[in-house]
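Coordinate analysis (summary)
Given next are the chains, with one letter for each unit.
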Amino acid sequence: MNVSSRSAAALVCLPLLLLAGCGMPAAPAPPSLKLPQPPTDLAGSRTGNEVHLSWTMPRRTTDKVLLKGEQQARICRHLGAGPCQAAGVASYPPEKPAVYIDHLPADITSGNPRPLSYTVELLNHAGKTGGPSNTIQLAAGASLPKIEALVATARPDGILLKWTPVAGADSLIRIHRTMKLAQPAKDASKDAKAQPKPPEPDTLEVEDNGRAEVIDRTAALDNTYTYTVARVLKVHVASGASEIVGETSDPYTIDAKDIFPPNVPDGLQAVADPDAKAIDLSWAPGAENDLAGYLVYRRDVGGTGQAERISGAKPEMSPSFRDLHIEAGHRYAYSVSAVDKDGNESRRSGEAEEALP
């Protein structure tokens with residue numbers, strides 16, 4: 001190769017050297033320390049003498065390398081501004097939800113309310129961590145007693161919950177209610193997408209009235225509900241507002257069948273219509289949401305028989321009725337009852353008498 005050719009080759013190689021080393025090996029990358037990224041969504045709550053924690057495990061390390069296999073988590077409990085107290089160690093796979101229950105020691109579940117916080121640290125194979133998770137603030141201190149002997153009773157205006165009273169346990173009452181779905185018909189579609197989803201649990205809160213009872217007026221009859229109830233103590237600690245939830249009651253399930261009849265119809269009036277040879281009845285309409293209609297009864301005042309139903313096989317929807325099957329010279333006494341969609345019939349109204357002139 002002549003001088004000019006070598007010069008040309010050098011000129012070509014120069015930029016390549018700058019970009020890619022022109023055949024020379026690149027500097028080796030440092031090995032990954034395999035430090036899992038710290039969780040950022042740690043959440044938790046205290047119930048009785050337990051703290052329930054949850055978070056999402058990361059997918060990668062702090063240097064963006066995919067994590068493989070279960071990762072060790074160290075749960076840190078902090079009293080006030082104190083250092084990490086190792087509450088426990090557990091392992092979880094990457095990208096999966098993680099949960100941990102901390103069973104609190106006696107020194108944390110006694111005394112006055114005071115700050116209690118948690119963090120989670122994920123460890124590599126050498127026990128090193130990429131830093132703590134976000135911090136959640138709770139409260140240490142004595143919890144309220146568990147609600148005992150919970151019972152539920154269906155009433156026309158809702159479901160009555162009662163439990164054993166405890167002196168000096170004034171607090172907020174938190175009620176969790178879950179409704180059971182009715183069983184699908186045997187010929188219903190087996191397609192999972194066509195099946196109704198279970199309803200989300202409802203949470204109700206009321207002030208403890210000191211009588212150890214409360215009426216759930218939002219519950220609808222003809223449903224099956226499962227209730228749990230707990231006392232809640234609202235506290236203010238150095239970290240701000242928090243709460244200590246007492247141990248949850250044992251669950252109580254009630255099949256709240258509607259066995260309650262509608263109100264007795266009121267204001268019954270009977271008016272004769274000689275031209276039509278009929279007696280017209282009217283009364284005040286009922287206001288019940290599950291009202292199915294009315295049943296009309298009649299007896300012959302001059303006879304000795306009992307009142308007989310004269311309305312049709314189905315309840316009358318309107319608060320009125322025309323009796324065309326009457327005889328001149330007879331005096332009739334009418335009464336009306338109300339019936340709901342479950343077939344519960346009210347007592348009969350007071351009688352209204354009328355006759356054709």
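Okay, so let's go over this structure. (Residues numbered from 1 in each chain as written. Predicted model: local features only at pLDDT ≥ 70, side-chain atom pairs only at ≥ 80, totals over all residues. Heavy atoms only, no water.)

Section: the sheet that holds strand 22 (residues 331-340)
We apply this condition: DSSP bridges decide pairing: two strands pair if at least two such bridges lie between them. Secondary structure elements are defined from DSSP: runs of H or I of at least 4 residues count as helices, runs of E of at least 2 residues count as strands, and each element is numbered from the N terminus.
Spatially, 20-19-22-23 is the arrangement adopted by the 4 strands of the open sheet, whose pairing is antiparallel. Among the strands making up the open sheet, the edge pair consists of strand 20 (308-309) and strand 23 (352-355). Of the pairings in the sheet, the one linking strand 22 to strand 23 comprises 4 bridges and is antiparallel in character. Each bridged residue has a counterpart across the sheet, and for R331 the counterpart in strand 23 is A355.

Side note on the state of the cysteines
This is how it is decided: Throughout, a disulfide means two cysteine sulfur atoms within 2.5 Å of one another. Each residue is placed in one exposure class: buried if its accessible area under a 1.4 Å probe, protein chains only, is under 20% of its type's maximum, exposed if it is over 50%, and partly exposed if it falls in between.
Evaluation of the coordinates by the stated rule reveals 1 disulfide. Between the sulfur atoms of C76 and its disulfide mate C84 the distance is 2.1 Å. Looking along the S-S bond of the C76-C84 disulfide, the torsion reads about -80 degrees, which is the left-handed sense. Judged by its relative accessible area of 36%, C84 is partly exposed.

With respect to the environment of S249
Formally: A contact between two residues is defined here by any heavy atoms of the two lying within 4.5 Å. For the purposes of these results, a polar contact is taken to be a pair of N or O atoms within 3.5 Å, where, inside protein, one atom must be able to donate a hydrogen and its partner to accept one; residues adjacent in sequence count only when each atom of the pair is a side-chain atom.
For S249, the location among the structural elements is in the loop between strand 15 (240-245) and strand 16 (252-256). The spacing of S249 and A230 is 19 residues in sequence and 6.1 Å in space, taken between C-alpha atoms. Excluding anything up to four places from it in sequence, S249 contacts K146, I147, L150, T228 and V229. Separated by 2.9 Å, the side chain of S249 and the backbone nitrogen of V229 make a polar contact.

Thoughts on the layout of surface pockets
Our working definition: Cavities and pockets are defined on a 1 Å grid built over the protein atoms alone: a cavity is a set of grid points where a 1.4 Å probe fits but cannot escape, while a pocket is an open set with protein on both sides within 12 Å along at least five of seven lines, and lining residues are those with an atom within 4 Å of any such point. Grid points are joined across faces, edges and corners, and a volume is the space filled by probe spheres set on the points. In this count, Pro and Cys sit with the nonpolar residues alongside Ala, Val, Leu, Ile, Met, Phe, Trp and Tyr, while Asp, Glu, Lys and Arg are called charged and the others, Gly among them, polar.
The volume enclosed by the largest pocket comes to roughly 270 Å³. Together, P156, L221, D258, F260, P261, P262, N263, E288, N289, D290 and D340 line the largest pocket. Among the residues forming the lining of the largest pocket, the class breakdown is 5 nonpolar, 2 polar and 4 charged. Taken as a whole, the second largest pocket holds about 170 Å³ of empty space. Along its surface, the second largest pocket is lined by K34, T61, V65, L66, L67, K68, Q71, L123, N124 and H125. Residue classes in the lining of the second largest pocket are distributed as 4 nonpolar, 4 polar and 2 charged.

A look at unusual backbone geometry
In the Ramachandran plot, K34 falls in the positive-phi region, its phi being about 55 degrees despite a non-glycine side chain. By secondary structure assignment, the location of K34 is in the loop between helix 1 (3-20) and strand 1 (43-47). Backbone geometry places D222, a non-glycine residue, at a positive phi of 70 degrees. Assignment of secondary structure puts D222 in the loop between strand 13 (213-216) and strand 14 (223-237).

Things to note about the packing of aromatic side chains
The criterion, for reference: Classification of ring pairs rests on two measures: the distance between centres of Phe, Tyr or Trp rings, Trp counted by its six-membered ring, which must be within 6.5 Å, and the angle between planes, read as stacked under 30 degrees, edge-to-face over 60 and tilted in between.
By the definition in use, this model includes 4 aromatic pairs. When the centroid spacing of 6.1 Å and the interplanar angle of 45 degrees are considered together, the rings of Y225 and Y227 count as tilted. Take Y225 and Y227: they sit in the same class, and that class is buried. Summarising the aromatic geometry, the rings of W283 and Y294 are spaced 5.4 Å apart at their centres and angled 70 degrees between planes, so their arrangement reads as edge-to-face.

Concerning the nonpolar core
This is how it is decided: In these notes, a set of buried Ala, Val, Leu, Ile, Met, Phe, Trp, Tyr and Cys residues joined through side-chain atoms within 4.5 Å is what counts as a nonpolar core.
Core analysis: the largest hydrophobic core is formed by 21 residues, its most contacted members being L53, W55, I75, Y92, Y118 and V120. A total of 4 residues in this core trace back to one element, the largest contributor, which is strand 6 (residues 114-123). Apart from residues no more than four positions distant in its own chain, V120 is found in contact with P39, L42, W55, A73, R74, I75, G131, P132 and S133. The next biggest cluster of nonpolar side chains, apart from the first, holds 19 residues, and it includes A154, W163, L204 and Y227.

Considering the side chain of S349
Turning to its location among the elements, S349 is positioned in the loop between strand 22 and strand 23. Judged by its relative accessible area of 9%, S349 is buried. Excluding residues within four positions of it along the chain, S349 makes contact with V264, P265, L268, S335 and V336.

Considering the pattern of salt bridges
Selection criterion: Any Lys or Arg side-chain nitrogen located within 4 Å of an Asp or Glu carboxyl oxygen qualifies as a salt bridge.
Taken as a whole and judged by the stated rule, the model has 20 salt bridges. Residue R322 pairs with D280 through a salt bridge whose shortest N-O separation is 2.7 Å. You can see R322 sitting in strand 21 (residues 320-323) and its partner D280 sitting in strand 18 (residues 278-284), a full 42 residues away along the chain. Given the relative accessible area of 39%, R322 is considered partly exposed. On the basis of relative accessible area, D280 is assigned to the partly exposed category, the value being 24%. Among the charged side chains, a network of salt bridges with common partners joins R174, E205, K234 and E243.

Details of the environment of V99
Here V99 is to be found in strand 5 (residues 97-103). On a C-alpha basis, the gap between V99 and L53 in space is 5.5 Å, while along the polypeptide they are 46 residues apart. Leave out the neighbours within four places in its chain, and V99 touches L53, S54 and Y92.

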